[in-house]
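# Commentary on secondary and tertiary structure
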Amino acid sequence: MRVALWGTRGSIASAGPETVRYGGNTSCVEVRCREDDTLLILDAGTGIRRLGNAVLGEPRRIDILLSHVHMDHIQGLGFFGPLFRPDFEIHVWGPPSTTLDLRTRLGRYLSPPLFPVRLRDVASRLELHDVPLEPFDIGPLRIDASAVIHPGPTVGYRISDGDATMAYLPDHEPALGADPFPGPPEWTSGLDIARGVDLLLHDSQYTDAEYDERVGWGHSAVSQTVAFARAAGAKSLVTFHHDPEHDDDELDDLLVEARAMADGMDVWPGMEGSWFDVLPGRGSDCGPGQRSQAGPGRG
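All values derive from a computational prediction rather than experimental measurement.

What counts and how
- Residues numbered from 1 in each chain as written.
- Predicted model: local features only at pLDDT ≥ 70, side-chain atom pairs only at ≥ 80, totals over all residues.
- Heavy atoms only, no water.
- Helix = DSSP H or I, 4+ residues; strand = E, 2+ residues; numbered from the N terminus.
- Rg over C-alpha atoms; globule rule 2.2 N^0.38 Å.
- Buried < 20%, exposed > 50% of the residue type's maximum accessible area, 1.4 Å probe, protein only.
- Contact = heavy atoms within 4.5 Å.
- Areas by Shrake-Rupley, 256 points an atom, 1.4 Å probe, with all protein chains shown as cover.
- Lys, Arg positive; Asp, Glu negative; His and termini not counted.
- Charge placed at Lys NZ, Arg CZ, Asp CG, Glu CD.
- pLDDT = per-residue confidence, 0-100.
- Phe/Tyr/Trp six-rings, centres within 6.5 Å; stacked < 30°, edge-to-face > 60°.
- Core = buried A, V, L, I, M, F, W, Y, C linked by side-chain atoms within 4.5 Å.
- Expected span 1.5 Å × (residues − 1).
- Polar contact = N/O pair within 3.5 Å; in protein donor to acceptor, adjacent residues only side chain to side chain.
- Pairing = 2+ DSSP bridges.
- Right-handed = clockwise from strand over helix to strand, strands pointing away.
- Salt bridge = Lys/Arg side-chain N within 4 Å of Asp/Glu carboxyl O.

## Focus on the overall build of the protein
Looking only at helices and strands, one finds 6 helices and 15 strands in the protein. Taken over the C-alpha trace, the protein has a radius of gyration of 18 Å; the compact-globule value for 299 residues is 19 Å, and the two agree within 12%. Dimensions of the protein, computed from the C-alpha atoms along their principal axes, are close to 50 × 40 × 40 Å. Counting the 299 residues in the protein, one finds 57% classified as buried. Contacts in the protein between residues far apart in sequence, at least 24 positions, make up 66% of those at least 6 positions apart. Approximately 12100 Å² of the protein is accessible, and the part contributed by carbon and sulfur atoms is 51%. Positive and negative side-chain charges of the protein, numbering 26 and 45 respectively, have mean locations separated by a distance of 7 Å.

Structure follows, in structure tokens:
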């Protein structure tokens, strides 16, 4: 698999000179299967706009897997070019809710007065699905989803091509109520999703001091992220869902802190424009590359 980062910021887009290296777009990750070029998109934050423009020349099926429907994870959907093209087949997957179906929840944003076009009026062949909480396949990729700790229905994803495996947990607070953390595996949110993966993208929004003031908000401190990744036995970790108030220099400092705690595990910065080749059983060899000038490898 190849995993590319199109948006790594959390809560709200934060473009500006102080965020140019890590990027200011909210969560959006491209996953490509090299076997048949199956395309998955994880979340539809503001980063999905540029990704959509990049694939407009590839009429195809695209599957968008939403971790949850908070605004920072769906705000780019209405600006995703393939959604408005009849030569694309778009499948949107989201966590099930006991109160409202996925179409109703997305329609609260994709309808007037908040958006000029209703979801039912897009030109693509659009299908919406509740994410099954048992393994399912999209092309040659096996997907596992599991509910995780975050306000509202939220899932984490585990994706395997049969050899390499990655996990995506962008909004996650596994330390909530756990003392010490991490606790027993059976009581640690998301651990089964992340266990033994070659590449883990995980919420790393806060410093320890910030987390102490935001317990229950649904996010993790960087130290908790590293502890979680080590408990899961992840081979490589990518810090993700950066706080909009953290500038590039602050994120560099948090990366140094994370690497100091990693005990030999590879830790990469979640930088917009970077990509990773996920290698089976060799997560430490997952090397970042460049799609733009704002890529990792600087610290």
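## Thoughts on the confidence of the model for the protein
Residue-level pLDDT values for the protein average 92, and 94% of them are 70 or greater. Under a pLDDT of 50 for its full length, residues 283–287 has, in the predicted model, 21 contacts with residues more than four places off or in other chains. In the predicted structure, residues 290–299 sits below a pLDDT of 50 and forms 27 contacts with residues beyond four places in sequence or in another chain.

## Considering the environment of Phe-80
Structurally, Phe-80 is set in the loop between strand E4 (61–65) and strand E5 (89–94). Using a relative accessible area of 0% as the deciding quantity, one classes Phe-80 as buried. Expressed as a C-alpha distance, the spacing of Phe-80 and Arg-34, which sit 46 residues apart in the sequence, is 23 Å.

## Quick word on the packing of aromatic side chains
Taken as a whole, this structure holds 5 aromatic pairs when the rule is applied. Aromatic side chains Phe-79 and Phe-115 sit 5.6 Å apart centroid to centroid with 85 degrees between the ring planes, which places their arrangement in the edge-to-face category. Here Phe-79 is found in the loop between E4 and E5, whereas its partner Phe-115 is found in the loop between helix H2 (102–107) and strand E6 (125–130), with 36 residues between them in sequence. Overall, Phe-79 belongs to the partly exposed group, its relative accessible area being 49%.

## Quick word on the nonpolar core
In this structure, Val-29, Val-31, Ile-143, Ile-159, Met-166 and Leu-201 are the most contacted members of the largest nonpolar core, which totals 29 residues. Judged by nonpolar contacts, the second largest core, of 28 residues, contains Leu-39, Ile-90, Val-92 and Trp-275.

## Quick look at helix H6 (residues 248–261)
The end-to-end C-alpha distance of H6, which contains 14 residues, comes to 20 Å, matching closely the 20 Å that a straight helix rising 1.5 Å per residue would cover. Buried residues belonging to H6 abut helix H5 (222–232) and strand E13 (266–268). Of the residues flanking the start of H6, the one acting as N-cap is Asp-247, its side-chain oxygen 3.2 Å from the backbone nitrogen of Asp-249.

## With respect to the pairing of E6
If a strand is regular, its side chains alternate between the two faces of the sheet. Pairing of E5 with E6 involves 6 bridges; the strand directions are parallel. By the bridge assignment for E6, Val-92 is matched with Leu-128. Handedness of the crossover is the feature at issue here: the chain leaves E5, passes through H2, returns alongside E6, and the resulting connection is right-handed.

## Describing the pattern of salt bridges
A complete count under the given rule lists 16 salt bridges for this structure. In this structure, Asp-37 engages Arg-60 in a salt bridge whose closest nitrogen and oxygen atoms are separated by 2.7 Å. Of this pair, Asp-37 sits in the loop between strand E2 (28–32) and strand E3 (39–42) while Arg-60 sits in the loop between helix H1 (48–54) and E4, and the two are 23 residues apart along the sequence. On the accessibility criterion, Arg-60 (16% relative accessible area) is buried. Note that Arg-85 and Asp-87 form a salt bridge whose closest N and O atoms lie 3.0 Å from each other. Since its relative accessible area comes to 29%, Arg-85 is described here as partly exposed.

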